[in-house]
Amino acid sequence: MTEHGQRIVTLPGGRRVSLAWAGMTDVGKRRELNEDAFVALPPVFAVADGMGGHSAGEVASAAVAHRLTKATEGAEILTVDGLVDALRMAVADMIDTAEEGELGMGTTVTGVVLTADEGEGRVAVFNIGDSRVYRLQEGELVQVTEDHSIVQELIRAGAISPEEAEFHPNSNMITRAVGPSDDPVPDVELFPIESGARWLVCSDGLTKELTDHGIWYFLTEGATPVDAAELLLRAALDNGGRDNVSVIVLDIAPVDETADEGVEQPAS
């Protein structure tokens with residue numbers, strides 16, 4: 001599944017912003033079912049990685065993707081409250097559709113949304129679980145989100161190193177998820193909209209296979225979001241593809257108000 005597009009949007013305060021994006025997902029080489037889902041439609045760019053047994057994870061991630069997609073309808077921005085409302089409706093959908101034994105289902109969700117703060121457009125990065133958001137700015141790659149996982153808590157406590165975490169027996173165990181057992185209120189951090197920012201949203205199927213240096217390399221090697229997303233996805237599969245892999249690459253930049261810019265609608 002691939003989605004890509006370009007759009008110019010006008011944010012609160014009258015600022016125009018150019019968006020170019022590409023989203024892709026693949027089942028990988030070892031799984032029979034793709035339990036990842038993504039949304040790549042302004043103002044929401046998000047990845048959900050489902051869990052909870054065969055098919056239940058797919059239901060959970062699809063519920064989140066559905067509600068986030070609904071939240072984009074007619075919207076140039078999405079407030080943090082609107083984001084939380086969408087996630088709560090997704091949980092209600094999970095409960096309504098769950099079969100016996102599936103109420104333990106859940107999903108990670110992480111992403112980037114265009115929002116507003118004090119009347120100005122902002123980028124809001126949000127996260128629940130261990131999918132991730134990275135920002136590439138002026139050649140420097142930064143992991144913006146912090147995993148909600150057992151190994152991250154051990155790293156924070158100084159009990160293990162980041163290198164040891166990769167091989168820890170609990171490396172797949174997360175401490176927060178969007179599901180019937182939790183109120184889905186994500187961690188949120190706001191960022192200004194700056195020229196030259198490239199954002200990556202991904203499931204752990206990518207970060208299991210690529211180091212931060214590898215991620216940096218393919219994000220910088222790809223001239224466009226489509227190029228970068230294809231390079232990242234292919235590298236993850238070539239390196240083993242042990243899990244479902246989902247990536248969204250998003251370029252955000254202010255528009256020169258004197259330029260005569262066209263608008264291209266998203267394609268899929």
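On a predicted model such as this, the values are computed, not experimentally measured, just so you know. (Residues numbered from 1 in each chain as written. Predicted model: local features only at pLDDT ≥ 70, side-chain atom pairs only at ≥ 80, totals over all residues. Heavy atoms only, no water.)

**Student:** Give a description of the pattern of salt bridges that names residues and reports values.
**Tutor:** Enumeration over the complete set of coordinates arrives at 11 salt bridges. One salt bridge connects D204 with K208, and the closest N-O pair in it is separated by 3.8 Å. Among the residues examined, D204 registers a relative accessible area of 9% and is labelled buried. Members of the salt-bridge network, linked through shared partners, are R31, D204, K208 and D243. (Salt bridge = Lys/Arg side-chain N within 4 Å of Asp/Glu carboxyl O. Buried < 20%, exposed > 50% of the residue type's maximum accessible area, 1.4 Å probe, protein only.)

**Student:** Tell me about the nonpolar core, and name the residues and values.
**Tutor:** V44, V64, L68, L87, M94, V109 and V178 are the most contacted members of the largest nonpolar core, which totals 25 residues. Only β3 (36–41), β4 (44–51), α1 (56–71), α2 (80–97), β6 (109–117) and β7 (120–128) provide two or more residues apiece to this core. In this structure, M94 is in contact with A60, A63, V64, M105, T107, V178, G179 and P180, ignoring residues within four places of it in sequence. Within the second largest apolar cluster, 23 residues are counted, among which are A40, A197, V201 and L250. (Core = buried A, V, L, I, M, F, W, Y, C linked by side-chain atoms within 4.5 Å. Helix = DSSP H or I, 4+ residues; strand = E, 2+ residues; numbered from the N terminus. Contact = heavy atoms within 4.5 Å.)

**Student:** Explain the side chain of D93 to me, using residue names and the numbers behind them.
**Tutor:** Among the secondary structure elements, D93 is positioned in helix α2. Given the relative accessible area of 18%, D93 is considered buried.

**Student:** Summarise the pairing of strand β8 (residues 132–137); cite the residues concerned and give the values.
**Tutor:** Buried residues dominate β8, accounting for 6 of its 6 residues. Burial along β8 is two-sided: the residues R132, Y134 and L136 and V133, R135 and Q137 are all buried. As judged from the 5 bridges shared by β8 and strand β11 (residues 197–202), these two strands associate in the antiparallel manner. Pairing of R135 across the sheet is with W199, part of β11. Direction of pairing for β8 relative to strand β9 (residues 140–143): antiparallel, over a ladder of 4 bridges. Within β9, the position partnered with L136 by the bridge is L141. Remark: 2 residues form the turn of the hairpin made by β8 and β9, two consecutive strands paired antiparallel; E138 in that turn has positive phi of roughly 50 degrees. (Pairing = 2+ DSSP bridges.)

**Student:** Lay out the side chain of T107 in plain terms, naming residues and giving numbers.
**Tutor:** Tracing the backbone through its elements, the reader meets T107 in strand β5 (residues 106–107). A polar atom in the side chain of T107 sits 3.5 Å from the backbone nitrogen of G50. Excluding residues that lie within four positions of it along the chain, T107 makes contacts with A48, D49, G50, M51, A60, S61, V64, M94, A177 and V178. (Polar contact = N/O pair within 3.5 Å; in protein donor to acceptor, adjacent residues only side chain to side chain.)

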